[in-house]
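As a plain string of letters, each chain reads:
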Amino acid sequence: AGQVILSRQARKLAQEKRQVRFQFISVLAHELKAPLNAIEGYLRILQADEPPERRQMLDRSLIRLEGMRKLIFDLLDLTRIESGQKQRNLTGLDVRTVAQAAVDLFMPEASERDITMVLEAPAPVEMVADPGELEIIFNNLVSNAVKYNRDGGTVTVTLSREDDVVRISVHDTGIGMAPEESAKLFDEFVRIKNEDTFKVIGSGLGLSTVRKLAQLYGGDVSV
């Protein structure tokens, strides 16, 4: 009986900790939005009048600014899911629709590097899910498959359903990972850093968010 009470108290404390973390991140995100928007506005004004060599510095600053903004939104997504604050809208849908939207979203970025995008889903893949949650999953997986790919490569998104299990697979012809790197890939704030990845901007939160969402559906994620 004592162990049961301790276990309940531990779960309660963990939930309170997640709530506090979400509230803190929400306030922080709100306070950071205004200065980020102001800085971006001023940089874009300067961009119009600067010579090419200085414009390159402004372009790089704007890219870093977008990286900061992505970190804020990734943190909000993660803590909102953890704390149970995210309002879920569960509805029947065809997963192909969400997958196609993600492929279309990253098609311009892929085309610039001659990366071919393929969606393999000949039949409807129906499930009850929150469209926004599936969107986060697909956007993270497809985005990574493009960002960490090689020029002229391929991204293949495959969807299937077996009984009550929906399988989403995103395959790419990218730079690869060592076993020790892939083992920690879905932890928070993990980014694989080497000479092939140092130019790619990211928060290290996307895949940990994907795992938490998969677990909400009684599933999991692997590489």
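Residues numbered from 1 in each chain as written. Predicted model: local features only at pLDDT ≥ 70, side-chain atom pairs only at ≥ 80, totals over all residues. Heavy atoms only, no water.

1. Description of the packing of helix 4 (residues 131-147) against helix 6 (residues 206-216)
Piece 1. In the contact formed by helix 4 and helix 6, the axes pass within 9 Å of each other and the chain directions differ by 140°. Taken together, the axes of helix 4 and helix 6 lie oblique to each other. Read as a crossing pair, helix 4 and helix 6 show a hand that is left-handed. Here Glu133, Ile136, Ile137, Asn140, Leu141 and Asn144 of helix 4 lie close against helix 6, whose contacting residues are Gly206, Leu207, Thr209, Val210, Leu213 and Leu216.
Piece 2. Here the residues of the contact of helix 4 with helix 6 are counted per class, giving 7 nonpolar, 4 polar and 1 charged. (Axes fitted to C-alpha atoms, helices over the stretch in contact; angles between N-to-C directions. Helix = DSSP H or I, 4+ residues; strand = E, 2+ residues; numbered from the N terminus. Parallel < 35°, antiparallel > 145°, perpendicular 65-115°, else oblique. Left-handed = near helix turned anticlockwise from the far one by under 90°. Contact = heavy atoms within 4.5 Å. Nonpolar A, V, L, I, M, F, W, Y, C, P; charged D, E, K, R; others polar.)

2. Some thoughts on a nonpolar patch on the surface
Piece 1. Together, Phe24, Leu28 and Leu32 make up a nonpolar patch on the protein surface, roughly 260 Å² of accessible area in all.
Piece 2. Structurally, the position occupied by Leu28 is in helix 1 (residues 2-49). (Patch = residues over 30% accessible without salt bridge, like charges linked within 9 Å, V, L, I, M, F, W, Y side chains within 5 Å. Areas by Shrake-Rupley, 256 points an atom, 1.4 Å probe, with all protein chains shown as cover. Salt bridge = Lys/Arg side-chain N within 4 Å of Asp/Glu carboxyl O.)

3. Describing the pairing of strand 5 (residues 165-172)
Piece 1. Summarising the sheet, strand 4 (residues 154-162) and strand 5 pair through 8 bridges and their orientation is antiparallel. In the strand pairing of strand 5, Leu159 is matched with Ile168.
Piece 2. The hairpin turn running from strand 4 into strand 5, its antiparallel successor, is 2 residues long, and Asp163 in that turn takes a positive phi close to 55°. (Pairing = 2+ DSSP bridges.)

4. A word on the pattern of salt bridges
Piece 1. By the definition in use, this model includes 5 salt bridges.
Piece 2. Salt-bridge contacts for Asp94 lead to Arg96; the nearest nitrogen and oxygen are separated by 2.9 Å.
Piece 3. We classify Arg96 as partly exposed; its relative accessible area is 25%.
Piece 4. Between Arg113 and Asp151 there is a salt bridge whose closest N-O contact spans 2.8 Å. Highlighted residues: Arg113 in the loop between helix 3 (95-112) and strand 2 (116-120) and Asp151 in the loop between helix 4 and strand 4, separated in sequence by 38 residues.
Piece 5. A single network of salt bridges, built from pairs that share partners, joins Glu40, Arg44 and Arg69. (Buried < 20%, exposed > 50% of the residue type's maximum accessible area, 1.4 Å probe, protein only.)

5. Overview of the side chain of Asp94
Piece 1. Secondary-structure assignment places Asp94 in strand 1 (residues 91-94).
Piece 2. By relative accessible area, which is 18% here, Asp94 ends up buried.
Piece 3. Looking at Asp94, its side chain comes within polar contact range of the side chain of Arg96, at 2.9 Å.
Piece 4. Other than its neighbours up to four places away in sequence, Asp94 contacts Pro124, Val125 and Glu126. (Polar contact = N/O pair within 3.5 Å; in protein donor to acceptor, adjacent residues only side chain to side chain.)

6. Things to note about helix 4
Piece 1. Here helix 4 is 17 residues long and its end C-alpha atoms lie 24 Å apart, about the 24 Å a rise of 1.5 Å per residue gives.
Piece 2. Within helix 4, 13 of the 17 residues are buried, which leaves it mostly tucked inside the rest of the structure.
Piece 3. N-capping of helix 4 is provided by Asp130, with a side-chain oxygen placed 2.7 Å from the backbone N of Gly132. (Expected span 1.5 Å × (residues − 1).)

7. Overview of the nonpolar core
Piece 1. Among the nonpolar cores identified, the biggest contains 32 residues, and Val95, Met117, Leu134, Phe138, Val157 and Leu159 are the most heavily contacted of them.
Piece 2. Residues within four places of Leu159 in sequence aside, it is in contact with Val95, Arg96, Ala99, Leu119, Glu120, Ala121, Val125, Phe138, Arg167 and Ile168.
Piece 3. Ranked by size, the runner-up nonpolar core spans 10 residues in total, among them Leu36, Leu58, Leu65 and Leu75. (Core = buried A, V, L, I, M, F, W, Y, C linked by side-chain atoms within 4.5 Å.)

8. Observations concerning the environment of Asn89
Piece 1. Locating Asn89 in the fold gives a position in the loop between helix 2 (52-83) and strand 1.
Piece 2. When the C-alpha atoms of Asn89 and Asp130 are compared, they prove to be 5.0 Å apart, with 41 residues separating the residues in sequence.
Piece 3. Discounting residues that sit within four places of it in the chain, Asn89 has contacts with Ala129, Asp130 and Pro131.

9. Side note on unusual backbone geometry
Piece 1. You will see that Asp114, though not glycine, has its phi angle at about 60°, which is positive.
Piece 2. One can find Asp114 in the loop between helix 3 and strand 2.
Piece 3. A relative accessible area of 57% places Asp114 in the exposed class.
Piece 4. Although it is not a glycine, Asp163 sits at a positive phi angle of roughly 55°.
Piece 5. By relative accessible area, Asp163 is classed as exposed at 72%.

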